[in-house]
Each structure stands twice: as structure tokens, then as C-alpha cells.
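Chain by chain, the residues:
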Amino acid sequence: MPPALAFHDFWGCLLTPDNVAAGIFTDDLRYHVWVATKRVVESGLIKLTDKEALIRAVMDQFMVELGLVLLDLCSGPLVLFVDPRLHDDSDMMVSRATAMVAKFDAAQVRRWRIIVTLPATEDGICAAQVLTNRHGIQTNLSLVSCLAHAAACIEASAGTVSMSVEPIMEWYEQKHGIQAGHQDHPGIETIQSCATFIHRHGINTTLLTTDVRMVKLLRDLVRAFVTFDMSGQWAELKQLGGIGAAALKKDQLDQIPMRRLTTWCPRPDDKSPATLRALQAEHPSHHLDSNKGFLASLPAENRSLISAVLYVRLGKMAVHMETIEKAVWDEIKRRIRLETIPLESLYRRPAASCKRHKSRSRRNSRQEKPFREGIDYF
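Nothing here was measured: the structure is a model prediction, and the numbers come from that model. (Residues numbered from 1 in each chain as written. Predicted model: local features only at pLDDT ≥ 70, side-chain atom pairs only at ≥ 80, totals over all residues. Heavy atoms only, no water.)

## Details of the overall build of the protein
Under the convention used in this document: Secondary structure follows DSSP: runs of H or I at least 4 residues long count as helices, runs of E at least 2 residues long count as strands, and numbering of each begins at the N terminus. Think of it in three bands: residues with accessible area under 20% of the maximum for their type are buried, residues over 50% are exposed, and the middle band is partly exposed, with areas taken using a 1.4 Å probe on protein chains only. Here a residue-residue contact requires only that any non-hydrogen atoms of the pair lie within 4.5 Å. Note on areas: Shrake-Rupley, 1.4 Å probe, and residue coverage restricted to the protein chains presented here.
Helices and strands together make up the secondary structure of the protein, namely 15 helices and seven strands. The proportion of buried residues among the 378 residues of the protein is 44%. If you take every contact in the protein between residues at least 6 apart in sequence, the share linking residues at least 24 apart comes to 71%. Surface exposure of the protein reaches about 21100 Å², of which carbon and sulfur atoms provide 53%.

As C-alpha cells, then:
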């Protein structure tokens, strides 16, 4: 975590495959990989020949080692993730999440400070329901893209749902042929309808926005160009009311005016399209009761948006996970080589047939071998 972040009054930390992969080869993160590998290998619980089990264990331990450090930097929760490549295996996601949280329990970290991110696929939603209701683990269902999608996640008792702003906005821009910064952007309306749905029904779920874009409204571009005003670049985020939190990158934090960003809550008498859509949505919803599957029961436009946001991003996450896994496996191989070096090769002593031969060998060695610079002799 860069030291500059200590300057900001941020509350929690969000780990994603993207930001971990971006720094996995830095000294800071490689150190935590080294510690995780050392702990797993020296525990002796996994055979050194079991590559998949070793990688899985070290990856989970690495998340814990890194998470414990980040928890010391913030007063709020740490949002970490289960391998998103497991998005179609609810049982494995539950298993990995419970094992990881158990390590934080052993480190005496309070449960409210750990939130586990799962992709909001059908299996991810089912896994979140099990983790929340059976294991008391807080979950964040990520890559939510529309109101019906958010309602299904809320139905599964997820404590947090996160919406990735950039891909949602880009999908609408391509579909309607509009530019970033459009005054009445349908992407803003979609995200706002989810926030209003949560707010109006008093639902105990936090809406977290991620991948926030820094753009200006088109009407403000000329004024900003003339006056060099940078405050308008948060126009998209400021249009959203009632969101619970926004995840920002370090360079975005550095550009927040006065280190503060404020949003608004929808008024009770608001009649905007987003509010009307939220009020028309069924609550409590019954999306998960569908026999043919939740996603298959949605309208075509919703399925298209979910595919563009959820599954395209899952493909990119898989690439990031491979990068992280490569760094982990390289460290595991180094540790295995260290653990399996024969001790006799490190402390080998020449054999001698007799004391006279040994003494003669030493004298000949002193005479024949020159002293080397940089070596101490005794």
C-alpha cells in the first residue's frame, strides 16, 4: 500500500484481482507471497508434489497475510476475494471463503471487518446465501449490472452489492450511441435505481460503486477548459445519490477536492425515472425461485447487460489470476528447492585415509592454492 494513502481519510480497503495482479511483482507484495509460502510449506500439511493444493493454499494464505497488513491501515472493513475462476462452482466458493475467514478468526480479527467478494453469477449468489445464513460471513456480490440483478443479490442476503460503473456506462454508450458525460445518461439511471431501491425499502445492504470514471458533463467541458476547473470531473459520481460507498484508486484519491466527496440521498417526493423504476420493482423479490434459473428469466436487454459487465470482466479477472498464480508458483518452487537440498551437500568434508596423508594434503593445499581476495581465513 503506497505511503501516500495515509494522507487520505479512507474507511476500508478493497482487494481485487486487478489491483493485486498490478503489484504482485513489487517488493511489498512479493514479501507477503514469501511469508505465505514459507508458512504453508513448513506446516507439512500438504505434500510438496501436490502442485494444485500448494498453489491453492499459498494463494489463500497470501490473501490473509496481505489482509492483516491492510487492516492496520484502515478503521473499517477489508473486502477481499475468492478466486473468480470458481464462479460456476458454489460449493468450492463456500469452501475457500470459510477456510480463509477461519484464518482471520484465528488472528482474532472481528467478523464485521472481513467481507468476501464473490462474482454475482447464479452460483455466486447461491454461495453468498450459504455463507451469510449458515456461516455468518459477510459477502459482497460483485459486477452487479441492473436492478433485477441487484434485487436477486439482496434476496440472497448479501450485505454488499458492488456495481462496476465503467462497463455499465460503456454498454449504454455503445447501445444508444451517446458519449461519456451525457446529461441524462441511462447508465446513471440504472445505478441510481438500485440505490433508490435499497434506500426506499430500508434494506440492510450497502451499494458499493467500483471502477468509477473521472469525466465531466459535456455542458461543463468548455467552462472547465477555460478556467482549469477540475472539480467537475467527478460529475458521474456526484449524480448518484444514496450509494453506500465508492471504491477509488490512489490517483483518484489524490484528486479529490479538500479530500472530501459528498453525495445526496433521494428526496421522498422524487419522481425521476430511476425512482419510479425502483418503486415499480417487486420487493421482496422472488428471482431465485425460478425453476429455469435466475438469469434465464430476465428480459433480453438485462441478459445482454449482465453478459457485457459480468462475464466479460470475469474473463479479464481470469488473466489477472493467472499472473498472481505465476508469482506464487515461482516462489513455491524456490521454497521447495530450499527445503529439499541435502544437508551433506552443504556440509561436505573431504575424507582422508590417514593423519599423515591428511597433513600432507593440507600442506600441499597451502602451497598450491593462492589466497583469494575478499575471503577471511583462520
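Structure's up, so let's keep going.
## Concerning helix H2 (residues 27-43)
As a reminder, the rule being used: For a helix, the expected span equals 1.5 Å multiplied by the number of residues minus one.
Along its 17 residues, H2 runs 24 Å from first to last C-alpha, staying within 8% of the 24 Å computed at 1.5 Å per residue. Of all the residues in H2, the buried ones are Leu 29, His 32, Val 33, Val 35, Ala 36, Thr 37, Val 40 and Val 41. On its buried side, H2 packs onto helix H1 (17-23), helix H3 (51-71) and helix H13 (300-339). Following H2 by one or two positions, Gly 44 has its phi on the positive side, about 70°.

## Here's the deal with the pairing of strand E3 (residues 114-119)
In plain terms, the rule: Strand pairing is assigned whenever DSSP detects at least two bridges linking the two strands. Whether a crossover is right-handed comes down to one check: with the strands pointing away from the viewer, does the path from the first strand over the helix to the second run clockwise; if it does, it is right-handed.
Of all six residues in E3, six are buried; the element is thus mostly enclosed. Residues Ile 114, Val 116 and Leu 118 of E3 are buried on one face, and the alternating residues Ile 115, Thr 117 and Pro 119, pointing to the opposite face, are buried as well. Bridge count between strand E2 (residues 78-81) and E3: four bridges; the pairing is parallel. Counterpart to Phe 81 in the pairing with E3 is Thr 117. One crossover worth recording links E2 to the parallel E3 by way of helix H4 (residues 90-106), and it is right-handed. Two elements, E3 and strand E4 (residues 138-144), share five bridges in a ladder whose sense is parallel. Residue pairing in the sheet places Leu 118 in a bridge with Leu 141 of E4.

## Quick notes on the confidence of the model for the protein
Spelled out, the test is: Per residue, pLDDT measures the predictor's confidence, with a range of 0 to 100.
Model confidence for the protein is summarised by a mean pLDDT of 84, while 81% of its residues fall at 70 or above. In this model residues 1-7 is a low-confidence stretch, pLDDT under 50, and it forms 10 contacts with partners more than four residues away in sequence or in other chains. Per-residue pLDDT stays below 50 along residues 218-231; that stretch engages in 14 contacts with residues further than four places along the chain or on separate chains.

## A word on unusual backbone geometry
Backbone torsion omega between His 283 and Pro 284 reads -5°, so that peptide bond is classified as cis. Tracing the backbone shows Pro 284 in the loop between helix H12 (273-280) and H13. For Gln 108, which is not glycine, the phi dihedral falls at a positive 60°. With respect to the secondary-structure elements, Gln 108 resides in the loop between H4 and E3.

## Let's talk about the sheet that holds strand E1 (residues 13-14)
Pairing between sheet strands relies on hydrogen bonds along the backbone, with the strands arranged either parallel or antiparallel. On the basis of which strands lie adjacent, the open sheet formed by seven strands has the order E1-E2-E3-E4-E5-E6-E7 and parallel pairing. Strand pairing shows two members of the sheet lacking a second neighbour, E1 and strand E7 (245-246), which therefore form its edges. Where E1 meets E2, two bridges bridge the pair, whose relative direction is parallel. Bridging from a neighbouring strand, Leu 14 pairs with Val 79 of E2.

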